[in-house]
Amino acid sequence: MRAQAVTSRPPAEATANSARPARLGHLIDGEWEQPDATLESTNPARREEVVALFPAGDDAVVERAVAAASRAQPAWARAGAAERGRVLYAAAAEVQRDRRALALLITREEGKPLPEAEGEVARAEDILRFHAAQTAAATGETFEGSSSEQQIRTIRLPLGVVGVISPWNFPIAIPAWKIAPALAHGNAVVWKPSSQTPAVAVALARILERAGLPGGALNLVLGPGAVGQALVEAEGVDGISFTGSEEVGRAIASSGAGRIKVQLELGGNSPAIAFDDCDVELAVAGVAEGAMGSSGQKCTATRRALIARPILDEFLERLTARVRELRLGDGSEAGTDLGPLVSADAREGVERDVEAAIGEGGRLLTEARGDLPEVGHFFAPAVIAELPLDGATLQREIFGPVVSVIPFDEFDEALQVANDTRYGLSAAVFTRDLRVVERTLRELEAGLIHVNGPSTGAEAHVPFGGLKASSGPGPKEQGTQAREFFTELKTAYIDYPAATT
Ligand code: UN1
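About the cut-offs
Residues numbered from 1 in each chain as written. Predicted model: local features only at pLDDT ≥ 70, side-chain atom pairs only at ≥ 80, totals over all residues. Heavy atoms only, no water. Helix = DSSP H or I, 4+ residues; strand = E, 2+ residues; numbered from the N terminus. Buried < 20%, exposed > 50% of the residue type's maximum accessible area, 1.4 Å probe, protein only. Contact = heavy atoms within 4.5 Å. Salt bridge = Lys/Arg side-chain N within 4 Å of Asp/Glu carboxyl O. Near = heavy atom within 4 Å. Polar contact = N/O pair within 3.5 Å; in protein donor to acceptor, adjacent residues only side chain to side chain. Areas by Shrake-Rupley, 256 points an atom, 1.4 Å probe, with all protein chains shown as cover. Nonpolar A, V, L, I, M, F, W, Y, C, P; charged D, E, K, R; others polar. Phe/Tyr/Trp six-rings, centres within 6.5 Å; stacked < 30°, edge-to-face > 60°. Lys NZ or Arg CZ within 6 Å of the ring centre and 35° of its normal.

This part is about the side chain of Thr456. Examined against the element boundaries, Thr456 turns out to sit in the loop between strand 21 (448-451) and strand 22 (467-468). Looking at Thr456, the relative accessible area reads 8%, which means it is buried. Contacts of Thr456, omitting those with residues within four sequence positions, involve Gly290, Lys298, Thr300, Ala301 and His450.

Here is the structure:
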């Protein structure tokens, strides 16, 4: 007998404006289960406001979710690529239809300003559509064999049961870019979303249900980090796709090593380099957006702005003016540029990092703000200069609206400082010189390079991933590359001895 109350009724969904918290549950084998809700998510802009109450899953719940996925996977794979495509197209249409409510919910549970949340929802829709279309793409190649009587083919088969562990900072786009390719290629999924954004997760799971996804093909287990750990260790899981902190990612890699396939997207410490021939206004706009968008809570955020000395004064004057004008507030209110940080812990962490930067000799070029709303986890955007190149701050991923400015004289020096980090996720380069573009594309140690644009952003149809400690092991995400992780590749040697007779 199950210890938990089971109901096949979907739980009440969190709506953007409802004052009453939503009660959420796990989705296992097509049934919503609502055991006691012991955890809550709150609105980071109004910390007293509870968005959702939800249960803490445990090893037993994870085990049942994995068993349900294992049972459902063969039928989902056999349903055929066209049917899988239909479900994902239908999910994209549902996301489009619900876009306003989804964006409001993201803002309420995660904190990012509404226009950014709307952009994220549109991205999730694009991702679902892209991977829906992938179900009609060629999956293998045909080669000539060693004789005219032989042909060699590659075929792709689903990996099996995939565990998805997703972060709070893109609560719908990152899950979509893992779950959509997993399902497109015939896998079943057990999804453990961040405990900061469970209501957004439930909303996406319900959309996939409404789109016709059969029960068990997607299972959702809510709860703290221990649930993710249980998922990594569960018997029957064939792969884990994780985005989140480096520490957790490394633990997953070592516990999964040699046993399951692991895909990791971890931290970043992205540089933006403005060369002296660049359009300074463009560089200022790119650094401001790259560093401050979503209050700097992106792993692709610009943390270090490397500025050619001849344009340093002009750059700093314009950047600080721009940053001072950013309006902080509740992301659901029109005119808000910068929402709060996601939690009290997040804000304290960023505060500590900025104090440490000042302790190291850094000079804060933006002043503290007296107008910070008390009710949420707000942090004033900060521009820091004069940090020692060999200090701890420039090596740290400060997950907030904070950017360090570093002047440089020579091209080689800029490249050396930019690459002086164990991370290698993204980078931005501002220049009009094609030779500089070419050299930076080759020599910057980053998996994503933006020329004359911010270091953030990702399109659904191209690969996403970093170098060095930012990613791996395992193939990149998104684009057609996504299939590398979510499928097994076999090579078939087929002899047709009668073919030439
Ligand atoms: C973006 O820059 O728009 O967790 C995407 C993150 C990254 C995604 C960034 N994996 O911030």
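Following the criterion strictly, the structure yields 30 salt bridges and no others. As a salt-bridge pair, Arg71 and Asp29 come within 2.8 Å of each other at their nearest N and O atoms. Here Arg71 is found in helix 1 (residues 59-78), whereas its partner Asp29 is found in the loop between strand 3 (26-28) and strand 4 (31-33), with 42 residues between them in sequence. You can call Asp29 partly exposed: its relative accessible area is 33%. Linking Glu281 and Arg318 is a salt bridge whose minimum nitrogen-to-oxygen distance equals 2.4 Å.

Taken together, 13 residues lie near the ligand, and Arg123, Asn169, Cys299, Thr300 and Gly457 sit nearest. Interatomic distance of 3.0 Å between a side-chain N/O atom of Asn169 and an oxygen atom of the ligand. At 2.8 Å from an oxygen atom of the ligand is found a main-chain nitrogen or oxygen belonging to Gly457. For the ligand, the protein covers 98% of the area, taking 320 Å² as the surface of the free molecule. Class assignment of the residues belonging to the shell around the ligand gives a composition of six nonpolar, five polar and two charged.

So, about the packing of aromatic side chains. Ring pairs (aromatic) are described by centroid distance and by the angle formed between their planes. Within the structure shown, the criterion is met by five aromatic pairs. Aromatic side chains Phe275 and Phe411 sit 5.5 Å apart centroid to centroid with 20 degrees between the ring planes, which places their arrangement in the stacked category. Placement of Phe275 in the loop between strand 14 (270-274) and helix 9 (280-292) and of Phe411 in helix 12 (residues 411-419) is noted, with a sequence separation of 136 residues between them. Like Phe411, Phe275 is buried. Centre to centre, the rings of Phe485 and Phe486 are 5.0 Å apart; their planes meet at 85 degrees, and the pair counts as edge-to-face. For Phe485, a relative accessible area of 0% corresponds to the buried category. Among the aromatic residues, those joined into a cluster by ring pairs are Phe275, Phe408 and Phe411. Across the ring face of Phe170, the terminal group of Lys112 is positioned such that the distance to the ring centre comes to 4.1 Å.

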